[in-house]
Amino acid sequence: MMTAEPITLRKTLTDDTFFLNMGPQHPSTHGVLRLLLKLDGEYVRACEPVLGYSHRGHEHMAQNRTYLQFMPNPSRMDYLSGLLYNDAYCRAVEKACAIRVPERAEYIRAICCELNRISSHLLWFGSYVMDLGGITPFLYAFDDREDVLGILNEVSGSRLTYSYCCFGGVSRDLNDPFLQKLKAFIPKMRGRLKDYDTLVSKNIIFIKRTRDVGVIHADLARDYGLTGSTLRASGVSYDIRKKEPYGLYPEFDFEVPTRPEGDCLARYQVRLAEIEQSLRIVEQALARMPQGPICAENVPQYVTPEPGDYHFSYESARGQVGIYIVSDGSRIPYRMKWRTPSFCNLSILPVLLPGTLVADTIAILGSLDVVIPEIDR
Amino acid sequence: MCCGVSKDTAKLRPGKGRPNKIMNAQTAIEKRLIHRFGETLIGPADDSFKGFHVRLDLPKERIPELAQLLHEAGCFLEYVTAVDRNDHLELVYVFGTYGDPARIRAGVRVPKGETAPSISRVFPGADWHEREVFDFFGQVFSGHPDLKRILLPETADYHPLLKDFRAPARLNGMQGPERP
Amino acid sequence: MVALDQEKPPIQLARLTDILNLGRAHSLWPMSFGLACCAIEMMAAGASRFDLDRFGSNVFRASPRQADLMIVAGTISLKMAPTVVRLYEQMPGPKWVMAMGNCAIGGGPFTYEGQYAIVNGADKILPVDVYVPGCPPRPEALIQGLLELQDKLTRAGGSNVLRRFKRYGQAAAGKGSAE
């Protein structure tokens, strides 16, 4: 079952290059990705990502499961934004079946999803700087992330993979420990963001390793269908929460951070700015949340959308998630396609890497913020 | 025009979301599509319910033409996928815009066994999408630079998302019953 | 009244393997081998809140040649299975395997009729020493699995030189008989 050597990278006698296999197991948090690098000394001449080492057959499972039975799967696709994917799937099915979510549930979803976004960005921040060599911010970021996971654990029972959102709302109401921890967390996180700024953002080594590295222009981004922070760091202000808003996002006052440079440093700055914006949304939602039911009533166990195909776009921590459901009127989807942002974001890597150093490979790959199981599904 | 590229750290208007500008981008693209493909257009879908602003059905030969037109109009490729309709495959191409939302869904009916033209010369990102469709459905795209499997092992001899696929026992899965 | 272990005398000469096992147990170096979601909980177990350093195990080695514990964290897909076996073979002995998470134990949530893509559990291709259930298991669960493995090591010679981990039921039974 060994994968064959790709013909495009066959070594010729006139070449003084060699192949380095950044194999499926390498000390990075991005998952099982294999990069075939053709190196000329320290310079990368060609790169071919080999995928599929984490393929678990989600789309095939979707064709063999009812809509409710498929609920645990979205979280496992992008486990760093598990609650965002859970929410996206619930909203897609609610849109297809015209289920109305009560207002309190929308606020709860907004709070929990933005917290999940913060935890995803924190993990990315810690692991990215660790990849570049700085081990300390990893520990601070994980400490903050544990706070967030503790808050979400209060109400959902899970730390990483959630099935907290259900069709029509959420499954449990917020409780006092949740609210207390959350109110203590927001000012603490703001203080920590200042610490990160001092520790990392102004660090000359970090800046030298990320400035002007892996520059993506807006046209190149469009050719490869990039979305998310990677795109916003190239100057394109595209956020589904603003363009095709869902839930209560039209009512929240938040910005979409963009940077024009398009290099790794810009992507880093965009993601850190997004943490602050998520905190703003959480504060506003906490202030305005009404009392009321947390789930729609009379949602059937077997939801059956009308025959036809539906699409729903959602902004996860990595970019635009697209859920395409083809229904034939039965309680099992006929086809469910997940358009995951990392799939497109990673496809730009063979274009970015040639001409860079091997050390820059890590910086560029990390800055794209990909999660391999959501590419492999 | 449709791209919505902002050259500075754009500050969007605070308060309510931006006013609904779906009609502008959508009608602009629609006009170009009707001008080129007129008779094959289905018509705009009801976005609030189904998620697509424009739907059209095309013969497979016109797909590169559509891709070229949408690329010039400033769209990006969201995904390419396929649906197994038992006697034929329906290829689904979905394009979007970075500016005001206008999602275009193009459906292409391809009998099983026939090849379809690749759009990876227009949208380089389609490279991986088409490889995935080949991997899961066996659809061959002519003109693709390197059509090989992307997610399954290279030596795999099955296409799992086809409706008549049953996992053989050697794959460590269990034989499945008919769809309930 | 402290319940003494009546099977063995409290003072005995430790054999060389017991001492070595004691050293090995308290310096298990895992190979950083996260496959899927459980990898994140493994990282969290190594991070600031649930420090693995206090067990001597936070020295994650990237190279299998330098590691002696393989924590299979995540689903093993069919494409990945030969790589997993190869990595295990590259580890020098003595080596141990921990199956972390439901996917590594028996396929997890991805086991269903018609599954074509995964290996239903790490023990189909590797000899597993400890199973840590959960989806994903909390970092505390991973630490308990590590302690179980340490316990397994230090009892390898039949004597528990540094008895510090009472199993469930033993403590209660001990208390009951004392009272």
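Every value quoted in this text rests on a predicted model; they were computed, and no experiment measured them.

A few points about the overall build of chain B
Phase 1: Secondary structure summary: chain B contains four helices and seven strands in total.
Phase 2: Written out in order from the N terminus, the α and β elements of chain B read α-β-α-β-α-β-β-β-β-α-β.
Phase 3: Looking at the 180 residues of chain B, the share that counts as buried comes to 56%.
Phase 4: Put simply, 50% of the contacts in chain B that link residues at least 6 apart link residues at least 24 apart.
Phase 5: Summing over all exposed atoms, chain B offers an accessible surface of approximately 7900 Å²; the carbon and sulfur share of this is 53%.

Quick word on the interface of chain A and chain B
Interfaces are often sized by the amount of accessible area the parts lose when they come together.
Phase 1: Listed per partner, the contact involves 64 residues of chain A and 66 residues of chain B.
Phase 2: Between chain A and chain B, a total of about 5400 Å² is buried, with carbon and sulfur atoms accounting for 54% of that surface.
Phase 3: Considering only the surface of chain A that becomes buried against chain B, A:Arg222, A:Tyr334 and A:Phe343 emerge as the three largest contributors, covering 14% of it.
Phase 4: On the surface where chain A and chain B come into contact, there are six salt bridges.
Phase 5: Across the pair A:Glu48 and B:Lys148 runs a salt bridge, and its minimum N-O distance is 2.7 Å.
Phase 6: Class assignment for the residues of the side of chain A that touches chain B results in 29 nonpolar, 17 polar and 18 charged.

A few points about the side chain of A:His311
Phase 1: With respect to the helices and strands, A:His311 occurs in strand β6 (residues 308-315).
Phase 2: A distance of 2.8 Å separates the side chain of A:His311 from the side chain of B:Tyr79, its partner in a polar contact.

Some points on the sheet that holds strand β1 (residues 18-22) of chain A
Residues and elements named next belong to chain A.
Phase 1: Across the sheet, three strands lie side by side as β1-β2-β3; this open sheet has antiparallel pairing. Each edge of the open sheet is held by one strand with a lone partner, namely β1 and β3 (43-50). Across the sheet, the axes of successive neighbouring strands diverge by a mean angle of 25°, strand direction being ignored.
Phase 2: In terms of strand pairing, strand β2 (residues 34-40) meets β3 through seven bridges, oriented antiparallel. Note that in β3 the partner of aspartate 40 across the bridge is tyrosine 43.

Overview of the sheet that holds strand β2 (residues 69-73) of chain C
Phase 1: Read across the sheet, four strands follow the order β1-β2-β3-β4 (chain C) without closing on themselves; strand pairing throughout is parallel. The sheet is open, and its two edges are formed by β1 (30-31) and β4 (130-132) of chain C, each paired on a single side.

Regarding the environment of A:Ala233
All names here are of chain A.
Phase 1: With respect to the secondary-structure elements, alanine 233 resides in the loop between α9 (229-232) and α10 (240-243).
Phase 2: Assessed through its relative accessible area of 0%, alanine 233 is described here as buried.
Phase 3: A sequence separation of 36 residues divides alanine 233 from glutamine 269, and the C-alpha atoms of the two residues are 8.2 Å apart.
Phase 4: Apart from the residues within four sequence positions on either side, alanine 233 is in contact with Arg259, Pro260, Glu261, Gly262, Ala266, Arg267 and Val270.

Let's talk about the pairing of β6(A)
All names here are of chain A.
Phase 1: Among the eight residues of β6, seven are classified as buried, and the element is accordingly described as predominantly covered.
Phase 2: Inspection of the sheet shows β6 paired to strand β7 (residues 320-327) by eight bridges, in the antiparallel sense. Bridge pairing in β7 links glycine 308 to serine 327.
Phase 3: Counting the residues between successive antiparallel strands, the hairpin from β6 to β7 contains four residues, one of them, glycine 319, with a positive phi of roughly 150°.

Observations concerning the pattern of salt bridges
Phase 1: All told, the structure shown has 48 salt bridges over all chains when counted by the stated rule.
Phase 2: Residue A:Lys202 is joined to A:Asp197 by a salt bridge in which the shortest nitrogen-to-oxygen separation is 3.7 Å.
Phase 3: For A:Asp197, a relative accessible area of 31% puts it in the partly exposed group.
Phase 4: Put simply, B:Arg62 and B:Glu65 hold a salt bridge, and the shortest N to O gap is 3.1 Å.
Phase 5: Overall, B:Glu65 belongs to the partly exposed group, its relative accessible area being 27%.
Phase 6: Three or more residues are tied together by salt bridges with common partners; here these are A:Glu114, A:Arg117, A:Arg232, A:Asp239, A:Arg241, A:Glu274 and A:Glu315.

Quick notes on the nonpolar core
Phase 1: Core analysis: the biggest nonpolar cluster contains 188 residues, and B:Leu33, B:Leu66, B:Tyr93, B:Phe95 and C:Met70 have the highest contact counts within it.
Phase 2: The element best represented in this core is helix α4 (residues 103-131) of chain A, accounting for 13 residues.
Phase 3: Setting aside residues up to four positions removed in sequence, B:Tyr93 forms contacts with B:Ile63, B:Tyr79, B:Val80, B:Ile104, B:Arg105, B:Ala106, B:Val108, B:Pro117, B:Ile119 and B:Phe141.
Phase 4: By size, the runner-up hydrophobic cluster in this structure holds 22 residues, among which are C:Ala25, C:Phe50, C:Met98 and C:Met100.

Looking at the confidence of the model for chain B
Residue and element names in this part refer to chain B.
Phase 1: Overall, the predicted model of chain B reaches an average pLDDT of 76, with 73% of residues at or above 70.
Phase 2: Mean pLDDT across the elements of chain B bottoms out in strand β1 (residues 41-43) (63) and peaks in helix α4 (residues 126-137) (93).
Phase 3: This model gives residues 1-22 a pLDDT under 50, and the stretch forms 42 contacts once residues within four places in sequence are excluded.
Phase 4: Residue range residues 173-180 is modelled with pLDDT below 50. Its contacts to residues more than four positions away, or to other chains, number 25 contacts.

Conventions adopted
- Residues numbered from 1 in each chain as written.
- Chains lettered and ligands numbered in written order.
- Predicted model: local features only at pLDDT ≥ 70, side-chain atom pairs only at ≥ 80, totals over all residues.
- Heavy atoms only, no water.
- Helix = DSSP H or I, 4+ residues; strand = E, 2+ residues; numbered from the N terminus.
- Buried < 20%, exposed > 50% of the residue type's maximum accessible area, 1.4 Å probe, protein only.
- Contact = heavy atoms within 4.5 Å.
- Areas by Shrake-Rupley, 256 points an atom, 1.4 Å probe, with all protein chains shown as cover.
- Buried area = accessible area lost by both parts, 1.4 Å probe.
- Salt bridge = Lys/Arg side-chain N within 4 Å of Asp/Glu carboxyl O.
- Nonpolar A, V, L, I, M, F, W, Y, C, P; charged D, E, K, R; others polar.
- Polar contact = N/O pair within 3.5 Å; in protein donor to acceptor, adjacent residues only side chain to side chain.
- Pairing = 2+ DSSP bridges.
- Axes fitted to C-alpha atoms, helices over the stretch in contact; angles between N-to-C directions.
- Core = buried A, V, L, I, M, F, W, Y, C linked by side-chain atoms within 4.5 Å.
- pLDDT = per-residue confidence, 0-100.

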